[in-house]
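Geometric and topological summary
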Amino acid sequence: MTEQMVDERAAGEPAGRQGRRGLVVGLCAVLLALLIVGHRAVPNVHGLGSLVDSATPLLGLGVPVLALAALLRRSRRALLVVLLPALVWAALYGGAWLPPAAGAGTPSLRVASQNLRSGNPDPAATVHALADAAPDLIGLQEVDDGERVAAALGGRYPHRATVSTVALWSRWPIREAHGVDTGLGWDRALRAVVGTPEGDLAVYVVHLGSARAGHTATRDETLAALAATVRTDDAPRLVVLGDLNTATTDRVFGPLTRLLGDAQAEAGQGFGFTWPAELPVTRPDHVLYRGLTPTAAGVLHTPDSDHRAVTAGFRW
């Protein structure tokens, strides 16, 4: 009798442990779902909220991990609970992978933007790859070897405007250009008016302040300054090209997206991650617009830069 009781306890203990482990997996799944849907409730102390916001699309990677854990624990209940974050993620971000609602028609304007990377060993190769995609306008950031860039682009893009380390290259005449103060103490943005065959287009090329874990204040201030400038700009058609050091899911991006459309969100497919170039996990590079209709948007992997380029097409 005693031996039988010992055997029953021995047989029951693994099942009990499996049940407890299944409960842990289920709790983790619930917490993951809450974080995905409520990431903006995380306090933005020392940039923590922005960091979580930016990483939220990647939280979906936790779903297969939890599903595998539930299978290993042989817990059907835990596996069912894992469906919760899967459904929440799909509802919020799954649409990015569907064919875009926008995109009909042939573009009359094509643009590209590239952070060249300071110290790029071969900026000519980078911009050659951009030019081969045949955009009408190219916005560049971190330009520290303008002569090599000019030698590569000058033949196909006869018009350019440069302010500090940002530049705009255009197939069409640039009527005016000036620096834009974003609060860095020096201009790292420009505004130009391009005379396209369809009419004038205001173009901003921007490189906002850097953001690091725990240090986003400068980026936040520069983004607010850019939003304030765009808000007072009365140009009916406007494009912003640049490295904004801000993901679209970041709460501080709101002031810009309330003013401008996002070409990738409306005419692209997928998240359009651009950084780091070899294995991108976020999208600090953007094409934003007003007064145009996006027809396409995408990402281009160029050589020698730590960012991928962003591209977009528009109908006038």
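Fair warning: this is a prediction, and the values are worked out from it, not measured in the lab.

**Topic: the overall build of the protein chain**
Counting its secondary structure elements, the protein chain contains nine helices and 12 strands. With the C-alpha coordinates of the protein chain rotated into their principal frame, the extents come out at 95 × 40 × 40 Å. Every one of the 316 residues in the protein chain was classed for burial, and the buried ones make up 47%. Long-range pairs, those at least 24 residues apart, make up 66% of the contacts in the protein chain with a sequence separation of at least 6. For the protein chain, the exposed surface amounts to about 15,100 Å²; the carbon and sulfur share of it is 59%. Taking the average location of the 28 positive side-chain charges in the protein chain and that of its 29 negative ones, the two points are 8 Å from each other.

**A word on the sheet that holds strand E2 (residues 137-141)**
The strand order E3-E4-E2-E1-E12-E11 describes an open sheet built from six strands, whose pairing is mixed. The open sheet has two edge strands with one neighbour each: strand E3 (159-163) and strand E11 (293-300). In this sheet, adjacent strand axes meet at a mean angle of 15° when their direction is disregarded. With seven bridges joining them, E11 and strand E12 (residues 309-315) adopt antiparallel strand pairing. Within the sheet, the bridge partner assigned to Leu-300 lies in E12 and is Ala-309. The sheet strands contacting helix H5 (residues 123-132) are strand E1 (109-115), E2, E11 and E12, and the helix crosses E2 at an angle near 155°.

**A closer look at the packing of aromatic side chains**
This model, assessed by the stated rule, comprises six aromatic pairs. Centre to centre, the rings of Phe-271 and Phe-273 are 5.2 Å apart; their planes meet at 20°, and the pair counts as stacked. Note on Phe-273: relative accessible area 17%, which makes it buried. Ring centres of Tyr-289 and Phe-314 lie 5.3 Å apart, and the angle between their planes is 55°; this geometry places the pair in the tilted category. Remark: Phe-314 occurs in strand E12 and Tyr-289 occurs in strand E10 (residues 285-290); sequence separation between them is 25 residues. In this structure, Tyr-289 and Phe-314 share a single accessibility class: buried. Every member of this aromatic cluster is reached through a ring pair, and the members are Trp-89, Tyr-93, Trp-97, Phe-271 and Phe-273.

**Some details on the sheet that holds strand E5 (residues 174-179)**
Taken in spatial order, the six strands of this open sheet run E5-E6-E7-E8-E10-E9, and their pairing is mixed. Of all the strands in the sheet, just E5 and strand E9 (261-262) have a single pairing partner and so form its edges. Direction of pairing for strand E8 (residues 238-243) relative to E10: antiparallel, over a ladder of six bridges. Each residue of the ladder has a partner; that of Asp-243, found in E10, is Asp-285.

**Some details on a nonpolar patch on the surface**
A cluster of nonpolar side chains, Val-30, Leu-31, Leu-34, Val-37, Leu-84 and Leu-92, forms an exposed patch at the surface whose accessible area comes to about 540 Å². With four residues, helix H1 (residues 2-37) is the single largest residue contributor to the nonpolar patch. As for its position among the elements, Leu-31 is in helix H1. Take Leu-31: its relative accessible area is 56%, and that puts it in the exposed class.

**Quick word on the side chain of Gln-114**
Secondary-structure assignment places Gln-114 in strand E1. The buried category is assigned to Gln-114, whose relative accessible area is 0%.

**Structural notes on the pattern of salt bridges**
It is possible for side chains bearing opposite charge to pair when their charged atoms get close. Under the defined criterion, the tally for this structure stands at 10 salt bridges. When the shortest N-O distance is used, the salt bridge between Asp-53 and Arg-251 registers 2.6 Å. With a gap of 198 residues between them, Asp-53 in helix H2 (residues 48-55) and Arg-251 in the loop between E8 and helix H8 (254-257) connect regions that are remote in the sequence. Each member of the pair Asp-53 and Arg-251 is classed as buried. Measuring nitrogen to oxygen at the nearest pair gives 3.6 Å for the salt bridge that ties Asp-145 to Arg-148. Among the residues examined, Arg-148 registers a relative accessible area of 34% and is labelled partly exposed.

Reading the values: the criteria
- Residues numbered from 1 in each chain as written.
- Predicted model: local features only at pLDDT ≥ 70, side-chain atom pairs only at ≥ 80, totals over all residues.
- Heavy atoms only, no water.
- Helix = DSSP H or I, 4+ residues; strand = E, 2+ residues; numbered from the N terminus.
- Buried < 20%, exposed > 50% of the residue type's maximum accessible area, 1.4 Å probe, protein only.
- Contact = heavy atoms within 4.5 Å.
- Areas by Shrake-Rupley, 256 points an atom, 1.4 Å probe, with all protein chains shown as cover.
- Lys, Arg positive; Asp, Glu negative; His and termini not counted.
- Charge placed at Lys NZ, Arg CZ, Asp CG, Glu CD.
- Pairing = 2+ DSSP bridges.
- Axes fitted to C-alpha atoms, helices over the stretch in contact; angles between N-to-C directions.
- Phe/Tyr/Trp six-rings, centres within 6.5 Å; stacked < 30°, edge-to-face > 60°.
- Patch = residues over 30% accessible without salt bridge, like charges linked within 9 Å, V, L, I, M, F, W, Y side chains within 5 Å.
- Salt bridge = Lys/Arg side-chain N within 4 Å of Asp/Glu carboxyl O.

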